[in-house]
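Coordinates in review
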Amino acid sequence: MNNVVVSMISINTYGVIIYCNDTACSMFGYTREDLIDKNISVLMPPIYASKHDNYIKRYRRTGKTKVIGTGRNVIAMDSKGMTFPVHLSLTEDKKKNRHIINGQIRRIDNNGVDNNIKSINNYNNEIEVETSRELDNVVDFEVLRKVEDSVIVIKIDGSIIFFNNAAEKLFGYEEDEVLEENINILMPSPHRENHQKYINNYLRTGRAKVIGINREVIIEKEDGCITAVNLYLEEKIDKNNNKVFVGVITKRKVIKSKKKKSFLKQERERINMITVPAIITDSEGIIQAYNQDASDFFGYNMVDVLGKNISLLCGGDHKNNHDQYIKSYLDTGVAKIIGKPRDVPVLCSDGNEKMANLSVTERRDKDTNKIFFVGMFHSTD
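Residues numbered from 1 in each chain as written. Predicted model: local features only at pLDDT ≥ 70, side-chain atom pairs only at ≥ 80, totals over all residues. Heavy atoms only, no water.

1. Overview of empty space enclosed by the protein
Put simply, the rule is: Of the two site types, the cavity is a set of points on a 1 Å grid over the protein atoms alone where a 1.4 Å probe fits but cannot get out, and the pocket is an open set with protein on both sides within 12 Å along at least five of seven lines, each lined by residues with an atom within 4 Å of a point. Grid points are joined across faces, edges and corners, and a volume is the space filled by probe spheres set on the points. Helix numbers and strand numbers start at the N terminus; a helix is a DSSP run of H or I with at least 4 residues, a strand a run of E with at least 2. Only Asp, Glu, Lys and Arg are considered charged in this grouping, and only Ala, Val, Leu, Ile, Met, Phe, Trp, Tyr, Cys and Pro are considered nonpolar; every other residue, Gly among them, is considered polar.
Overall, the coordinates contain 1 cavity of 30 Å³ or more when judged by the stated rule. As a volume, the largest cavity reaches approximately 40 Å³. Lining the largest cavity, in full, are Asn73, Val74, Ile75, Pro85, Ile108, Val143, Lys146 and Val147. Take the lining of the largest cavity: its biggest share by element is 3 residues, from strand 3 (residues 71-77). Grouping the amino acids of the lining of the largest cavity by side-chain chemistry returns 6 nonpolar, 1 polar and 1 charged.

Now the structure itself:
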């Protein structure tokens, strides 16, 4: 099979690669030794790789599959981390002591044509063009329209320049309604007000907290409904060599557990997924959760603040008055600060104060009726 122009990869029912031909090695930039005995997920972006083992496990358990015997367009990833669209066709070979899944992989060009179906004489020249890293990093809108997941592309100013059909179905907007609009229309507060700060911070520092990472985010649909999804973000360039960001959005997988997680544990997990400093306090002002971004922002480690009063981090007059703010709200129900972003002084571990924009939301545990407050901070420097 090494003389076949189409990329061929075979795996066992545990997802382990047991064969790959030379064409596959050229397409993905690996040697055969690099791939044999590795999990097939190494050839996928993280957002898909994290799910693939679950697909395999379910297939082994039930024998049911939606993909074997069919062809579909998917996103692949090469050895340099560059992603590109391919057409994948799967078949299986079942024998008494062997069960193998065979994949035929053809690269897709911007006309939807399989680039790997070509004459043998031209093969070596064309494969060199296909694996060009510069071309791979150019966003191809025609190809992205064929992707089954929701895909959105934005410029560095946050304006939307691409919104595929799956995104239309997910958010409830037509593409024409969102083109040139800021991406923050698809987010609830406080992310709506602060999203451009995230972009500017990345462009200024080069610190990629979210790029290349599969993470959970909150979106707001056209009808106002808010839901959690998984987002995988990549940096690309357009045909004019301008930097753009490509986001692939998939529905969050709900994992059923025999034992229900506590409300506070769920809230802790939620703030650990976001990329801004966030703190959870109870109704007495005691810190119950504190994410890594908060640690970077205030300079305290988690063990230094958990179980202590939030006044530890308050600057100015707020340090002595914060407990009274909480009591007044609980007694009267009048929200002077909840849901109203404002600038406040905060106190860092080095004893210095700085200004930050604070957004506070109230969260109530329906099982215990306990009240918690979630505060998110954004530097105003």
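2. What to know about the environment of Arg270
This is how the line gets drawn: Relative accessibility thresholds used throughout: buried, under 20% of the residue-type maximum; exposed, over 50%; partly exposed, between the two (1.4 Å probe, protein chains only).
By the element assignment, Arg270 lies in helix 10 (residues 263-273). Assessed through its relative accessible area of 30%, Arg270 is described here as partly exposed. Measuring from C-alpha to C-alpha, the distance between Arg270 and Glu216 comes to 8.1 Å, with 54 residues separating the pair along the chain.

3. What to know about the layout of surface pockets
Approximately 1500 Å³ is the volume found for the largest pocket. If you trace the largest pocket, you find 45 residues lining it, with Tyr48, Tyr55, Val67, Arg72 and Val74 closest to the centre. If you list the elements that add at least two residues to the lining of the largest pocket, you get strand 1 (7-12), helix 3 (46-62), strand 3, strand 4 (83-95), strand 5 (98-107), helix 7 (165-171) and strand 10 (243-251). The leading source of residues in the lining of the largest pocket is helix 3, at 9 residues. Looking at the lining of the largest pocket residue by residue, the classes come out as 24 nonpolar, 10 polar and 11 charged. The space that makes up the second largest pocket amounts to roughly 1200 Å³.

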